[in-house]
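Each chain, written out:
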Amino acid sequence: MKEDNIELISGKLANLLKSAIGELETKEENAEERFPRIYFESPVFQALDNRKNPFPLVNVHLDSVKVDSGSATINRRNHTATFSLDCYGAGNFTAAANAVTTASQNAWKTARIVRRVLQDEENTYLGLRGVVGSHLLTQYQAGEPWDNNESAIAVIVVRLLMEVSYFEDVDIITGELLESCRVKVNADGEVQ
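Worth saying up front: this structure is predicted, and the values here are computed from it rather than measured.

(A) Here's a closer look at the nonpolar core. The biggest cluster of nonpolar side chains holds 39 residues, and the ones touching the most others in it are Ile 9, Leu 85 and Leu 118. Counting residues per element, the ones that place at least two in this core are helix H1 (5-27), strand E1 (37-40), strand E2 (57-67), strand E3 (77-92), helix H4 (99-119), strand E4 (132-143) and strand E5 (153-168). A per-element tally of this core places H1 first, with nine residues. Setting aside residues no more than four positions away along its own chain, Leu 85 makes contact with Leu 13, Leu 17, Asn 59, Val 60, Val 114, Leu 118, Leu 137, Val 158, Arg 159, Leu 160 and Met 162.

Okay, structure coming up:
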C-alpha cells in the first residue's frame, strides 16, 4: 500500500531536522553538548533511562490533520497538518547557577536552531515540492514537563507549533519523482 502524503511529510520533517542539525554539528567543536538529538513520535522520557544526559532534544509529532474546505478537485484535496516540535533543554542545580534559567535558555536555544533550519529557503517545501504547498511556525510556548522542584535537574520544553499545507491524493509519480522517505528510529525513539 502506498504511503499517504502526511506519512511522507512526517518522515521528511524528522529526517530534514536530523540531517541539517548533523551538518551544523560537523562545523562546530563540542557539538555533542550543543546540538539536539531528534526523536520522532516518541515518549521522550524513555531517553532518560538510556543516556546520562539526553538533552537538548527535539521530539517531532503530528497533532492533527484537517481537510480544507476550498479543495478544488476530487483527486487533489488541500489539507493542513499541525505538528508539535517539542524542544527540551536542561540545567543542573548548582550554587552558581539557577537550573530553571539555564534549562529555559537551553530550550529556547534549541527552538531557535529548529526554527532556523525550517525557515531556510532551501527547506521551503520540506523537500517535497508538489506535495507541500507551504509551512509556517504559528506558535512558540514554553513550559515545564514536570515539577522541577522535585528533580535533580530542571527541564523546560518550548513547543513550536507548525502548520503544513499539503495536497493529498496527488499522483506523486507524475511531475518530479519522489523517493519514499522512511524514518529509522532506534528503541528509545531517537531518529538514526
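(B) Geometry of the environment of Gly 133. Mapped onto the secondary structure, Gly 133 falls in strand E4. For the pair Gly 133 and Val 164, spaced 31 residues apart in the sequence, the C-alpha separation amounts to 7.6 Å. In this structure, Gly 133 is in contact with Tyr 125, Ser 165 and Tyr 166, ignoring residues within four places of it in sequence.

(C) Expanded view of the pattern of salt bridges. Summed over the entire model, instances satisfying the criterion amount to two salt bridges. Across the pair Glu 190 and Lys 18 runs a salt bridge, and its minimum N-O distance is 3.9 Å. In this pair, Glu 190 is assigned in the segment after E5 and Lys 18 in helix H1, connecting sequence segments 172 residues apart. Across the salt bridge formed by Arg 159 and Asp 86, the nearest N and O atoms sit 2.6 Å from each other. Taken together, the residues span a long stretch of sequence, with Arg 159 in strand E5 and Asp 86 in strand E3 at a distance of 73 residues. Since its relative accessible area comes to 36%, Arg 159 is described here as partly exposed.

(D) Broad picture of unusual backbone geometry. Positive phi is not limited to glycine here, since Glu 41 has a value of about 50 degrees. For Glu 41, the location among the structural elements is in the loop between E1 and helix H3 (47-50). Using a relative accessible area of 42% as the deciding quantity, one classes Glu 41 as partly exposed. The residue Leu 126 is not glycine, and still its phi comes out positive at about 55 degrees.

(E) Structural view of the sheet that holds E2. Across the sheet, which stays open at both edges, the five strands sit in the order E1-E2-E3-E5-E4 with mixed pairing between neighbours. In this open sheet, the two edge strands, each paired with only one partner strand, are E1 and E4. The average angle at which neighbouring strand axes cross in this sheet is 25 degrees, direction not considered. The sheet contact formed by E1 and E2 spans four bridges and is parallel. By the bridge assignment, Tyr 39 is partnered in E2 with Asn 59. Each of E1, E2, E3, E4 and E5 touches H1; the most contacted strand, E5, lies at about 135 degrees to it. Relative to E3, H4 is tilted by about 145 degrees, and along the sheet it contacts E2, E3, E4 and E5.

(F) Quick look at the side chain of Asn 59. Relative to the elements of secondary structure, Asn 59 occurs in strand E2. Among the polar contacts listed, one links the side chain of Asn 59 to the backbone oxygen of Ser 42, at a separation of 3.0 Å.

What counts and how
- Residues numbered from 1 in each chain as written.
- Predicted model: local features only at pLDDT ≥ 70, side-chain atom pairs only at ≥ 80, totals over all residues.
- Heavy atoms only, no water.
- Core = buried A, V, L, I, M, F, W, Y, C linked by side-chain atoms within 4.5 Å.
- Buried < 20%, exposed > 50% of the residue type's maximum accessible area, 1.4 Å probe, protein only.
- Helix = DSSP H or I, 4+ residues; strand = E, 2+ residues; numbered from the N terminus.
- Contact = heavy atoms within 4.5 Å.
- Salt bridge = Lys/Arg side-chain N within 4 Å of Asp/Glu carboxyl O.
- Pairing = 2+ DSSP bridges.
- Axes fitted to C-alpha atoms, helices over the stretch in contact; angles between N-to-C directions.
- Polar contact = N/O pair within 3.5 Å; in protein donor to acceptor, adjacent residues only side chain to side chain.

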